[in-house]
Amino acid sequence: MDWLERVAKLRRWTNNGVRAPHKPLLLLYALGSYQRDADGELRYSAVEEELKRLLADYGPSNPTTPGYPFHHMISDGVWEVRTDHGPGSPGSGVGVLRASGATGRLAAELRLALGEEPALLGRMARVLLDAHFPSSLHADLCEAVGLDLEQTEATATAAARRQRDRRMRDLILTAYEFQCAFCGYDGALGASAVGLEAAHVRWWSYDGPDDVDNGLCLCSLHHKLFDKGVLGLGEGRRILVSQRFVGRSEASRQQVLALAGRPVIGPQPGVPPVADRHREWHAREVFRGAPRQVA
């Protein structure tokens, strides 16, 4: 059985690019749990709050419940559920999952495969991360679910991964003249830019193309905040800052809050700016809550 292919093809609700990473998040959480305790089970009532935090931090901006993936991931053949009354899930409702003592764990066949080939865990995790999240969030997400990929062989097979265009970074940094489109940072070490990254506006993992009109040159800080939904792009190519962001220090005020309403820097003349369709996707699927109002 090709577990990498099965993981890459997790059944997800899809509709015009809407993000639905519920199952990938639960499976990453389960892989982290397995790495710590291969024989352990995840009792829904005990892990519900942690799963809700994962969905709040890395899922869609609209409220959602971990009961959905806890029940429905059974159909993908990687997960099993039992209750106090025996095998099988009682349904996706959080009330019945709590009341029935529902517990979940990786499917028996998958646990056997991981026991025989420990490196498979890291490859599965990489497939999930690459398929559903931007690279800027991978390390934070692994920490959140308790996954240590350094313990495993973490290189996924080429067949399970769509290949990115390696020229993307050079094209984007050149288009924005090697400066952050939000703050203007333009650091270099010798002849090489340092701390500058090519950010996809519509995530590559959600069919975002490796095109200049789907990219921004951002410093490492603002790339992370952009992918977390703290920062966004509004109409007229103005920077949005989420009302949910809280920063009390002068650094937070200057580097984040003060950006609200500022125009994006670049791209240079003759280069297409971020396309509205990509900007709108990010505003709908990534940006958190409402933007701060500019005084």
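Preceding this paragraph is the structure being described.
What follows deals with the overall build of the protein. For the protein, the helix and strand inventory stands at 12 helices and 10 strands. Over its C-alpha trace the protein gives a radius of gyration of 21 Å, about what one expects of a compact globule, namely 19 Å for 295 residues. Projected onto its principal axes, the C-alpha coordinates of the protein cover approximately 65 × 40 × 35 Å. Burial status across the protein gives 48% buried among its 295 residues. Long-range contacts, defined as pairs at least 24 residues apart, comprise 71% of the intrachain contacts of the protein with a sequence gap of at least 6. Counting only carbon and sulfur atoms, one obtains 49% of the accessible surface of the protein, whose full area is about 14200 Å².

Attention shifts here to the packing of helix 7 (residues 119–132) against helix 8 (residues 138–145). Closest axis-to-axis distance for the helix 7/helix 8 pair is 11 Å, and the angle between their directions is 125°. One finds that helix 7 runs oblique with respect to helix 8. The interaxial crossing formed by helix 7 with helix 8 has right-handed handedness. For the pair formed by helix 7 and helix 8, the contact residues are Arg-126, Leu-129 and Asp-130 on the first element and His-138, Leu-141 and Cys-142 on the second. Here the contact of helix 7 with helix 8 is built from residues that sort into 3 nonpolar, 1 polar and 2 charged.

The biggest cluster of nonpolar side chains holds 48 residues, and the ones touching the most others in it are Leu-28, Leu-31, Trp-79, Leu-114, Met-124, Leu-141 and Leu-147. Among the elements of the structure, helix 1 (3–8), helix 2 (22–36), helix 3 (44–58), strand 2 (79–83), helix 6 (108–116), helix 7 and helix 8 are those that each provide at least two residues to this core. Here this core takes 8 residues from helix 2, the largest share from any one element. When sequence neighbours within four positions are dropped, the list of residues in contact with Leu-141 reads Leu-25, Leu-28, Leu-54, Tyr-58, Leu-129 and Phe-133. Membership of the second largest hydrophobic core comes to 29 residues, among which are Ile-172, Ala-199, Ile-239 and Val-241.

Another aspect to go through is the environment of Leu-240. Assignment of secondary structure puts Leu-240 in strand 10 (residues 239–241). For the pair formed by Leu-240 and Ala-8, sequence separation is 232 residues and the distance between their alpha carbons is 33 Å. Setting aside chain neighbours within four positions, we find Leu-240 in contact with Val-230, Leu-231, Gly-232, Leu-233, Gly-234, Phe-287 and Pro-291.

All right, on to the sheet that holds strand 4 (residues 103–106) then. Spatial ordering of the open sheet is given by 1-4-2-3, a layout of 4 strands whose pairing is antiparallel. Two strands close off the open sheet at either side, each with one partner strand: strand 1 (42–43) and strand 3 (86–87). Of the strand pairs in this sheet, strand 2 and strand 4 are connected by 4 bridges, and their pairing is antiparallel. Residue pairing in the sheet places Val-81 in a bridge with Gly-104 of strand 4. Packed on one face of the sheet, helix 2 meets strand 1, strand 2 and strand 4 and runs near 80° to strand 4.

Another point: helix 10 (residues 220–227). Taken residue by residue, helix 10 has His-222, His-223, Leu-225, Phe-226 and Asp-227 as its buried positions. Residues of helix 10 that are buried in the fold lie against strand 7 (196–200), strand 8 (215–219), strand 9 (231–233), helix 11 (250–255) and helix 12 (276–285). Note on helix 10: the residue one or two positions beyond its end, Gly-229, has a positive phi of about 85°.

The next point concerns the packing of aromatic side chains. A full pass over the atoms with the stated rule returns 6 aromatic pairs. Feature note: the residues Tyr-44, Phe-70 and Trp-79 constitute an aromatic cluster, connected by ring pairs. Directly above the aromatic system of Tyr-58 lies the positively charged group of Lys-228, at a separation of 4.2 Å from the ring centroid.

A word on helix 9 (residues 168–175). Along helix 9, the residues classified as buried are Met-168, Ile-172, Leu-173 and Ala-175. Each buried residue of helix 9 lies within a common arc of 160° when the element is viewed along its axis, so the set occupies one face. Note on helix 9: the residue one or two positions beyond its end, Glu-177, has a positive phi of about 55°.

Here is what the cut-offs are and how they apply
Residues numbered from 1 in each chain as written. Predicted model: local features only at pLDDT ≥ 70, side-chain atom pairs only at ≥ 80, totals over all residues. Heavy atoms only, no water. Helix = DSSP H or I, 4+ residues; strand = E, 2+ residues; numbered from the N terminus. Rg over C-alpha atoms; globule rule 2.2 N^0.38 Å. Buried < 20%, exposed > 50% of the residue type's maximum accessible area, 1.4 Å probe, protein only. Contact = heavy atoms within 4.5 Å. Areas by Shrake-Rupley, 256 points an atom, 1.4 Å probe, with all protein chains shown as cover. Axes fitted to C-alpha atoms, helices over the stretch in contact; angles between N-to-C directions. Parallel < 35°, antiparallel > 145°, perpendicular 65-115°, else oblique. Left-handed = near helix turned anticlockwise from the far one by under 90°. Nonpolar A, V, L, I, M, F, W, Y, C, P; charged D, E, K, R; others polar. Core = buried A, V, L, I, M, F, W, Y, C linked by side-chain atoms within 4.5 Å. Pairing = 2+ DSSP bridges. Phe/Tyr/Trp six-rings, centres within 6.5 Å; stacked < 30°, edge-to-face > 60°. Lys NZ or Arg CZ within 6 Å of the ring centre and 35° of its normal. Arc of directions from axis to C-beta.

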